[in-house]
Amino acid sequence: QVQLVESGGGLVQAGGSLRLSCAASGRTFSSYAMGWFRQAPGKEREFVAGISRSGGSIYNANSVKGRFTISRDNAKSTVYLQMNSLKPEDTAVYYCAATGLTPVPTTAGAYAYWGQGTQVTVSS
């Protein structure tokens with residue numbers, strides 16, 4: 001089992017940047033592919049980005065391509081989401097998640113472990 005704790009959310013103006021972090025504890029972090037999801041009020045949870053166990057494969061939702069970058073540091077048991085050129089429509093609670101499945105899934109149901117979420121609010 002793995003425990004996940006997100007941090008780094010906050011309020012930012014449109015065009016600004018934030019970096020989210022997700023620290024893992026428990027079983028070996030490098031055994032899991034990791035994903036970032038987000039959920040806005042009244043909407044379903046959606047895939048944002050995913051990264052393979054080694055970090056060699058990365059997947060991004062079309063809505064964030066060219067703006068968001070996922071990365072991981074297995075030595076620190078941490079996954080990051082660098083978010084640039086933020087838009088008001090990026091406002092949501094952001095969750096990190098872990099899965100033992102490969103290749104990196106893009107559906108929430110494929111992830112067994114979830115953090116508590118961190119709020120990102122982008123003002124216009």
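Below: a short report on this structure.

Cut-offs and rules
- Throughout this description, residue numbers start from 1 for each chain and increase along the sequence as written.
- The predicted nature of this model means local features are confined to residues of pLDDT at least 70 and side-chain atom pairs, given and counted, to a pLDDT of 80 or more, with totals for whole chains, interfaces and linings taken over all residues.
- Note that the side-chain values use all heavy atoms of the structure and ignore hydrogens as well as water.
- Criterion used throughout: strands pair if DSSP finds at least two bridges between them.
- Strands here mean DSSP runs of E at least two residues long; helices mean DSSP runs of H or I at least four residues long; both are numbered from the N terminus.
- Stacked, tilted and edge-to-face are the three classes assigned to paired rings of Phe, Tyr and Trp, where Trp is represented by its six-membered ring and a pair needs centres within 6.5 Å; plane angles under 30 degrees give stacked, over 60 edge-to-face, the rest tilted.
- With a 1.4 Å probe rolled over the protein chains alone, any residue whose accessible area is under 20% of its type maximum counts as buried; one over 50% counts as exposed, and the rest are partly exposed.

## What about the pairing of strand 3 (residues 18-26)?
Link 1 in the chain: Note: strand 1 (residues 2-7) against strand 3, 6 bridges, orientation antiparallel. By the bridge assignment, S7 is partnered in strand 3 with S21.
Link 2 in the chain: Pairing between strand 3 and strand 8 (residues 78-83): 6 bridges, direction antiparallel. Residue A23 lies in a different strand from strand 8, and its bridge partner there is T78.

## What about the packing of aromatic side chains?
Remark: the centre distance and the inter-plane angle together describe each pair of aromatic rings, the angle taken between the planes.
Link 1 in the chain: Under the counting rule described, the total for this entry stands at 6 aromatic pairs.
Link 2 in the chain: Seen from their ring centres, F37 and Y111 are 5.1 Å apart, and the 75° between their planes marks the pair as edge-to-face. Here F37 is found in strand 4 (residues 33-39), whereas its partner Y111 is found in the loop between strand 9 (92-99) and strand 10 (113-114), with 74 residues between them in sequence. There is no split in this pair, since F37 and Y111 are both buried.
Link 3 in the chain: Ring centres of Y95 and W114 lie 6.3 Å apart, and the angle between their planes is 80°; this geometry places the pair in the edge-to-face category. With Y95 in strand 9 and W114 in strand 10, this residue pair connects regions lying 19 residues apart in the sequence.
Link 4 in the chain: For Y95, a relative accessible area of 14% corresponds to the buried category.
Link 5 in the chain: We classify W114 as partly exposed; its relative accessible area is 26%.
Link 6 in the chain: Of the aromatic side chains, those joined through ring pairs into one cluster are F37, F47, Y95, Y111 and W114.

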